[in-house]
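Reading the structure
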Amino acid sequence: MKAPVRVAVTGAAGQIGYSLLFRIASGEMLGKDQPVILQLLDLPQAQNAVKGVMMELEDCAFPLLAGMVATDDPKVAFKDAQVALLVGARPRSKGMERKDLLTANAEIFTVQGKALNEVAARDVRVLVVGNPANTNAYIAMKSAPDLPARNFTAMLRLDHNRALSQIAAKTGKDVASIEKLTVWGNHSPTMYADYRFATIDGQSVKALINDEAWNRDVFLPTVGKRGGAIIEARGLSSAASAANAAIDHIRDWVLGTNGKWVTMGIPSDGSYGIPEGVIYGVPVTCANGEYTRVQGLEIDEFSRERLNFTLAELEEERAGIAHLL
Ligand SMILES: NC(=O)c1ccc[n+]([C@@H]2O[C@H](COP(=O)([O-])OP(=O)(O)OC[C@H]3O[C@@H](n4cnc5c(N)ncnc54)[C@H](O)[C@@H]3O)[C@@H](O)[C@H]2O)c1
Ligand SMILES: O=C(O)C[C@H](O)C(=O)O
């Protein structure tokens, strides 16, 4: 039996938490032979709800669930954590400006970054799901100077998976046959889903689709505004698909992608003209517990514009919280 891995999840009483925790405990994230200890963080007023979720987790009798902790203290939740899923965030409330939302979340992610810095395992892998995910990840990373910056990531995988499904529907091919797709930039409607390099059974997806108007007028807005469309339809933001993407992100990071590209929001190393440190969605492959950015892709004029557009939004978000760091 392997030693259990400590997985911290914030916002554990929320709707993503409710889709996520059961799948982590059943071994879908770290493997069917990997025991886990769940360390659940939520606000004081949500502790009862967390207890209820823990009762249900207990009632599943998951053989891989080696322990659970519920707390409202980040230093307890992140103690020795090897994986940290930062899902809890301040939602936008009525009358709240984007700037106010950024500031409210900056406070949360500063505190959590500092706690990770102090108590988490030195190789903790951090995935930020709570919005604005890229900027929250940036804040947590900057607040944790003793941890490797590259271990702070933001979730672009939901956007990647959304793009896969749109392409599968357009081409009539299986999602599993699509390779080399990526989504650049911010997890927001400014993201740039890019199938220029994608292939299906070795054939170019761009050539198969051969419809630039569809790319610009249907595909990009559909993927970019999908989160909003789900809120409109459900009255709530995506939860099961977001949890699924979080599982995919960590599973691939830890267990590898066998050479396949996936999208992760990672601190830039300056590649593709993205300033160093900005947390930006890029194509990566994963092996031996590490991600590697796919290098050397050609950026044409249209793509450059799109990369710069989503970068400008990230720079603006970063400027909005710079005084807090
Ligand atoms: N990156 C993505 O692709 C993606 C996709 C969907 C949703 N999201 C974001 O994920 C976040 C969570 O979504 P949800 O539907 O689960 O929301 P939710 O409101 O159902 O749950 C959020 C939970 O976080 C808790 N929380 C708030 N502040 C906290 C803090 N400081 N510490 C710990 N817990 C805290 C709340 O009490 C609540 O239980 C939102 O920010 C949402 O916008 C991101
Ligand atoms: O919570 C949101 O604003 C939408 C969410 O990020 C999503 O992409 O589904």
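Residues numbered from 1 in each chain as written. Chains lettered and ligands numbered in written order. Predicted model: local features only at pLDDT ≥ 70, side-chain atom pairs only at ≥ 80, totals over all residues. Heavy atoms only, no water.

1. So, the UniProt feature "domain: Lactate/malate dehydrogenase N-terminal" (unreviewed entry) in the chain
In plain terms, the rule: UniProt positions are given in the numbering used here, feature names are shortened, and annotations may be inferred rather than shown by experiment. Labels follow the DSSP assignment, with helices taken as runs of H or I lasting at least four residues and strands as runs of E lasting at least two, numbered in each case from the N terminus.
Using the residue numbers shown here, the UniProt feature "domain: Lactate/malate dehydrogenase N-terminal" (unreviewed entry) corresponds to residues 5-152. The distance from the first to the last C-alpha atom of residues 5-152 is 18 Å, and the span holds 41% helix and 19% strand.

2. Observations concerning the packing of helix H5 (residues 133-142) against helix H11 (residues 301-321)
Keep this limit in mind: For helices, the fitted line uses only the C-alpha atoms of the stretch in contact; every axis is such a line through C-alpha atoms, and the angle between N-to-C directions lies from 0 to 180 degrees. If an angle is under 35 degrees, it is roughly parallel; if it is over 145, roughly antiparallel; if it lies from 65 to 115, roughly perpendicular; otherwise it is oblique. We call a crossing left-handed when the near helix sits turned anticlockwise from the far one by less than a right angle, and right-handed when that turn is clockwise. In what follows, residue pairs with any heavy atoms lying within 4.5 Å of each other are defined as contacts.
Look at H5 against H11: their axes get within 10 Å of each other, and the N-to-C directions meet at 45 degrees. When the axis of H5 is compared with that of H11, the two are oblique. Between H5 and H11 lies a crossing of right-handed hand. The residues of H11 that touch H5, namely those facing Asn-134, Thr-135, Tyr-138 and Ile-139, are Leu-314, Glu-317, Arg-318 and Ile-321.

3. Considerations on the sheet that holds strand E10 (residues 199-200)
Note the cut-off: Here, a strand pair is defined by DSSP locating no fewer than two bridges between the strands.
What the three strands build is an open sheet, ordered E7-E10-E11; its pairing is antiparallel. The open sheet has two free edges, formed respectively by strand E7 (178-179) and strand E11 (203-204), since each of these has just one partner strand. Bridge count for E10 against E11 is two bridges, and the pairing is antiparallel. Residue Ile-200 lies in a different strand from E11, and its bridge partner there is Gln-203.

4. Brief notes about H5
Since the α-helix turns once every 3.6 residues, residues separated by three or four places project in the same direction. Operational definition: Per-residue accessibility, obtained with a 1.4 Å probe over protein chains only, is compared with the maximum for each type, and a residue is labelled buried under 20%, exposed over 50%, and partly exposed between these values.
Counting buried residues in H5 gives nine out of 10 residues, a clear majority hidden from the surface. Residues of H5 that are buried include every one of Ala-133, Asn-134, Thr-135, Asn-136, Ala-137, Tyr-138, Ile-139, Ala-140 and Met-141, and no others. The inward-facing, buried residues of H5 abut helix H4 (98-119), strand E5 (125-128), strand E6 (152-154), strand E12 (262-267), strand E13 (279-287) and H11.

5. So, the pairing of strand E3 (residues 65-71)
A regular strand places its side chains on the two faces of the sheet in alternate fashion. To keep things clear, this is the line we draw: Assignment of crossover handedness uses the view with strands pointing away from the viewer, where a clockwise path from the first strand over the helix to the second indicates a right-handed crossover.
Bridge analysis of strand E2 (residues 36-41) against E3 gives six bridges, and the strand direction is parallel. Note on E3: the bridge partner recorded for Gln-39 is Val-69. Each parallel crossover has a hand, and for E2 linked through helix H2 (residues 47-59) to E3 it is right-handed.

6. Focus on the site of ligand 1
Going by this rule: Here, proximity means that at least one heavy atom of the residue falls within 4 Å of the molecule or strand. Counting of polar contacts relies on pairs of N or O atoms within 3.5 Å, with two restrictions inside protein: one atom must be capable of donating a hydrogen and the other of accepting it, and residues adjacent in sequence are counted only when both atoms are side-chain atoms. Computed with the Shrake-Rupley method and a 1.4 Å probe, the accessible areas treat only the protein chains shown as cover for residues. Amino acids outside the nonpolar list (Ala, Val, Leu, Ile, Met, Phe, Trp, Tyr, Cys, Pro) and the charged list (Asp, Glu, Lys, Arg) are all regarded as polar, and Gly is one of them.
Among the 22 residues in the neighbourhood of ligand 1, the closest are listed as Gln-15, Ile-16, Asp-42, Val-129 and Asn-131. Gln-112 places a side-chain nitrogen or oxygen 3.4 Å from a nitrogen atom of ligand 1. A distance of 2.8 Å separates an oxygen atom of ligand 1 from a polar side-chain atom of Asn-131. Expressed as a share of its isolated accessible area of 870 Å², the protein-covered part of ligand 1 is 82%. Those elements that place two or more of their residues in the shell around ligand 1 are helix H1 (15-25) and H4. Taken together, the residues that form the shell around ligand 1 break down as 11 nonpolar, 10 polar and one charged.

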